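# Reading the structure
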Amino acid sequence: MLELVFAPATREVGADRNWIGASDAEVVAACLGELSRLFPGEIGGEGGAELLKHAVVRTPRSVYAATPGRNRYRPSQATPVPNFVLAGDWTSQKFLGSMEGAVLAGKLAAEVIADRAAGRAAATSQ
């Protein structure tokens, strides 16, 4: 099983293709081409993995458009308020707004709490 998420993007942020508007066949062909490029011995060809079925699901508002410089506006999990930390996919972490981002933000918030409880300065990087 393979799942890919395409964030909406525009030419203004460097996108050269509107994948949300592409046909299912175009999306599948592009994904298989990229996978074949990355894993030439494992995808397609003799003895390689072959696509048996696929589904392309479009939810264009499920993630925000990743534009350069946007991350600087995301708040840290650590706050100057005693006993108050932030968590959520909208906080500073390495993923887009997603379940993975929310989970990582929760882990980072827990680290801030643990560091404060142990009297350690919280790390500023992710």
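You'll find the structure just up there.
None of the values given here were measured: they were computed from a predicted structure.

Procedures and definitions
Residues numbered from 1 in each chain as written. Predicted model: local features only at pLDDT ≥ 70, side-chain atom pairs only at ≥ 80, totals over all residues. Heavy atoms only, no water. Helix = DSSP H or I, 4+ residues; strand = E, 2+ residues; numbered from the N terminus. Expected span 1.5 Å × (residues − 1). Buried < 20%, exposed > 50% of the residue type's maximum accessible area, 1.4 Å probe, protein only. Arc of directions from axis to C-beta. Salt bridge = Lys/Arg side-chain N within 4 Å of Asp/Glu carboxyl O. Polar contact = N/O pair within 3.5 Å; in protein donor to acceptor, adjacent residues only side chain to side chain.

## Re helix H1 (residues 24–38)
Owing to its 3.6 residues per turn, the α-helix aligns residues three or four sequence positions apart on the same side. Between its first and last C-alpha atoms H1 spans 21 Å; for 15 residues at 1.5 Å apiece the expected length is 21 Å, and the two agree. When we look at burial in H1, the residues that qualify are Val27, Val28 and Cys31. For H1, the angular spread of buried residues about the axis comes to 95°, placing them on one side. Every exposed residue of H1 that faces more than 90 degrees away from the buried side is listed here: Ala25 and Arg37.

## A short note on the pattern of salt bridges
With the rule as written, the count across this model stands at four salt bridges. A salt bridge links Arg120 to Asp115; the nearest nitrogen and oxygen atoms lie 3.0 Å apart. Here Arg120 falls in the partly exposed class, since its relative accessible area comes to 48%.

## What about the side chain of Gln93?
Structurally, Gln93 can be placed in the loop between H1 and helix H2 (99–117). Looking at Gln93, its side chain comes within polar contact range of the main-chain oxygen of Asp89, at 2.9 Å. Here Phe95 takes part through its backbone nitrogen, which lies 2.7 Å from a polar atom of the side chain of Gln93.

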